[in-house]
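# Summary of structural features
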Amino acid sequence: MKNVLVTGGAGYIGSHTCVELLNAGYGVISIDNYSNSAPESINKVKKITGKNIISFNCDIRDQNKLCEIFSKYNIDSVIHFAALKAVGESCRKPLSYYNNNILGLISLLEVINKFGVKKMIFSSSATVYGNNPVPYSEDMNTGNVTNPYGRTKYFSEQILSDLYFSDKKWNILLLRYFNPIGAHESGLIGEDPNGIPNNIMPVISKVAVGLLPKLTIFGNDYDTPDGTCIRDYIHVADLALGHVKALEKIDSECGILECFNLGTGKGNSVLELVNTFEKTNNCRVNYEIGDRRSGDIAVCYASAEKAKKHLNWEAKYDLERMCQDTWRFQVNNPNGY
Ligand code: UD1
């Protein structure tokens, strides 16, 4: 059995990926500092899969602890999720973002390199495309990002590329996520942000369940059919399966650096998302139209062709299913984990 180290394994995308890795027969070692996640999600992963997962409370900047873990387990590859991800917070605390996301990556890579693992899947973001024309494809220029969070993703991609060009024995895949929403069909794991959520889906579900008074839709005067922004919403379970496919790819190759979009290739507006959530779940989402949020772009969706062709992966869940699964998690876990 091949062992995968998953950093940020207790987080939203990390925990769903752990489920799919265990289901696919991998051994999973999760490390997480639980700064924006709960250890309970690891117990839920065990419950869903009926399999064991080894987990450590470990910060990726703690090289002594990382070395202990690498010495003890025969780790074959690393999937690196652990990072801070709130755009607004990154503008207020840029050093904290560079410390966590950049120094954390370097710390992890130094240890991985020392133990000769050389297989890494990196959690990147569509944010690296900045304001390119849609659909975003992997050959477009990146780096025109407008906030520190986005820059940490762009710089991380550059660091990993430099590492690859210094030693082509590395196998590195950069996965650029679009807008992950939804939850595991069991209703046991889902998105559980600390404090007031920033991303839209946790706001919608908390408004629908009565935990927040209303959703403010950030602008309805964009150049889109209904005036609200368009995003490529992707089910987190599809995204998780994309990581299993990515692992299969780095296992079968020797010396690659590639980036892949993980998106559906389709865009939906904020109003379409809200209407679908209400209709599918037979509930009400109280909303008002507010000002545009600074930094938002009108339209963002992926070209999903490259992943289909080279990873043999494509998203299969539709928006209704994403809304149903989100709702199930919210209703089952009104106060989070
Ligand atoms: C944001 C980040 C992106 C990051 C991703 C994951 C920005 C500009 N981009 O993507 O870099 O990778 O989160 O953390 O912040 N919306 C509302 N009301 C709300 C919340 C959101 O109308 O209360 C709208 C937004 O204007 C946007 C859409 O919903 O049109 C999606 O927003 P969000 O979930 O925050 O994701 P992104 O902004 O696309």
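Up top is the structure these notes are about.
Anyway, here's the lowdown on the structure attached to this text. It should be emphasised that the depicted structure is a prediction, and the values quoted were computed from it without experimental measurement.

Another aspect to go through is the overall build of the protein chain. When you go through the protein chain residue by residue, the secondary structure sums to 11 helices and 13 strands. In terms of C-alpha radius of gyration, the protein chain reaches 19 Å, essentially the compact-globule figure of 20 Å for 337 residues. With the C-alpha coordinates aligned to their principal axes, the bounding extent of the protein chain is approximately 55 × 40 × 40 Å. Contacts in the protein chain between residues at least 24 apart in sequence constitute 81% of all its contacts with a sequence separation of at least 6. Carbon and sulfur atoms make up 46% of the accessible area of the protein chain, which amounts to about 14500 Å² in all. On the protein chain, the mean spot of the 35 positive side-chain charges and the mean spot of the 36 negative ones are 4 Å from each other.

Tracing the backbone through its elements, the reader meets Pro180 in strand E7 (residues 179–181). The spacing of Pro180 and Asp59 is 121 residues in sequence and 24 Å in space, taken between C-alpha atoms. Residues in contact with Pro180, not counting those within four places in the same chain, are Tyr12, Ile13, Ile234 and Leu239.

Here we come to the layout of surface pockets. Considered as a void within the structure, the second largest pocket measures approximately 210 Å³ in volume. Around the second largest pocket, the lining comprises 15 residues; the ones closest to its centre are Thr264, Lys266, Ala315, Lys316 and Tyr317. Of all the elements in the fold, those that place two or more residues in the lining of the second largest pocket are helix H10 (305–310) and helix H11 (319–332). Looking at the lining of the second largest pocket residue by residue, the classes come out as six nonpolar, three polar and six charged.

Quick look at the packing of helix H1 (residues 12–23) against helix H8 (residues 236–252) now. The interhelical angle for the contact between H1 and H8, taken along N-to-C directions, is 60°, at an axis separation of 8 Å. The angle between the axes of H1 and H8 places the two elements in the oblique class. Where H1 crosses over H8, the handedness of that crossing is right-handed. Here Tyr12, Ile13, His16, Thr17, Glu20 and Leu21 of H1 come into contact with H8, specifically with Val236, Leu239, Ala240, Leu241, His243, Val244 and Leu247. In the contact of H1 with H8, the residues fall into nine nonpolar, three polar and one charged.

So, about empty space enclosed by the protein. Overall, the coordinates contain one cavity of 30 Å³ or more when judged by the stated rule. What the largest cavity holds in volume is close to 100 Å³. In terms of lining, the largest cavity is formed by 16 residues, of which the most central are Glu191, Ser205, Thr326, Phe329 and Gln330. Elements supplying a minimum of two residues to the lining of the largest cavity: helix H7 (200–209) and H11.

Across the junction of Val134 and Pro135, the peptide omega takes the value -5°, indicating a cis bond. When you line up the elements, Pro135 lands in the loop between strand E5 (119–125) and helix H6 (148–166). Backbone geometry places Tyr34, a non-glycine residue, at a positive phi of 55°. Residue placement: Tyr34 occurs in the loop between strand E2 (27–32) and helix H2 (40–49). For Tyr34, a relative accessible area of 17% translates into the label buried. The phi dihedral of Lys118 falls on the positive side, at around 60°, and the residue is not glycine.

The next subject is the site of the ligand. The local shell around the ligand holds 20 residues, among which Ile200, Thr216, Arg231, Arg293 and Asp296 are the closest. Within the backbone of Lys85, an N or O atom sits 3.5 Å from an oxygen atom of the ligand. Thr216 is positioned with one of its backbone polar atoms (N or O) 2.8 Å from a nitrogen atom of the ligand. When residues in the shell around the ligand are grouped by element, the largest group, four residues, is from strand E8 (residues 215–218).

What counts, and at which threshold
By convention here, each chain's residues receive numbers from 1 onward along its written sequence. This being a predicted model, a pLDDT of at least 70 is required before a residue's local features are given, and a value of 80 or more before pairs of side-chain atoms are given or counted; all residues contribute to the totals for chains, interfaces and linings. As a rule here, side-chain values come from all non-hydrogen atoms in the structure, and water together with hydrogens is ignored. Helix and strand definitions here come from DSSP, where helices need a minimum of 4 consecutive H or I residues and strands a minimum of 2 consecutive E residues; each element is numbered from the N-terminal end. With the radius of gyration taken over C-alpha atoms, the globule rule is written as 2.2 Å times the number of residues to the power 0.38. Whether two residues are in contact is decided by their heavy atoms: any pair within 4.5 Å suffices. Only the protein chains shown count as covering a residue, and every accessible area follows the Shrake-Rupley method with a 1.4 Å probe. A positive count includes Lys and Arg, and a negative count includes Asp and Glu. His and the chain ends are not counted in either. Lys charges are placed at NZ, Arg charges at CZ, Asp charges at CG and Glu charges at CD. Think of a 1 Å grid over the protein atoms and nothing else: a 1.4 Å probe that fits but is trapped marks a cavity, an open set flanked by protein within 12 Å on at least five of seven lines marks a pocket, and residues with an atom within 4 Å of a point count as lining. Grid points are joined across faces, edges and corners, and a volume is the space filled by probe spheres set on the points. Under the convention adopted here, Pro, Cys and the residues Ala, Val, Leu, Ile, Met, Phe, Trp and Tyr are nonpolar, Asp, Glu, Lys and Arg are charged, and Gly plus all remaining residues are polar. Lines fitted to the C-alpha atoms define the axes, with helices restricted to the stretch that makes contact. Angles between their N-to-C directions range from 0 to 180 degrees. Working definition: roughly parallel below 35 degrees, roughly antiparallel above 145 degrees, roughly perpendicular at 65 to 115 degrees, and oblique for all remaining angles. Should the near helix be turned counterclockwise from the far one by less than a right angle, the crossing is left-handed, whereas a clockwise turn marks it as right-handed. Here the term buried applies to any residue with accessible area under 20% of the maximum for its type, exposed to any over 50%, and partly exposed to those in between, with areas from a 1.4 Å probe on protein chains only. Consider each residue's heavy atoms; a residue with any of them within 4 Å of a molecule or strand counts as near. Polar contacts, as counted here, are pairs of nitrogen or oxygen atoms within 3.5 Å of one another; within protein the pair requires one atom able to donate a hydrogen and one able to accept it, and residues that are adjacent in sequence qualify only if both atoms are side-chain atoms.

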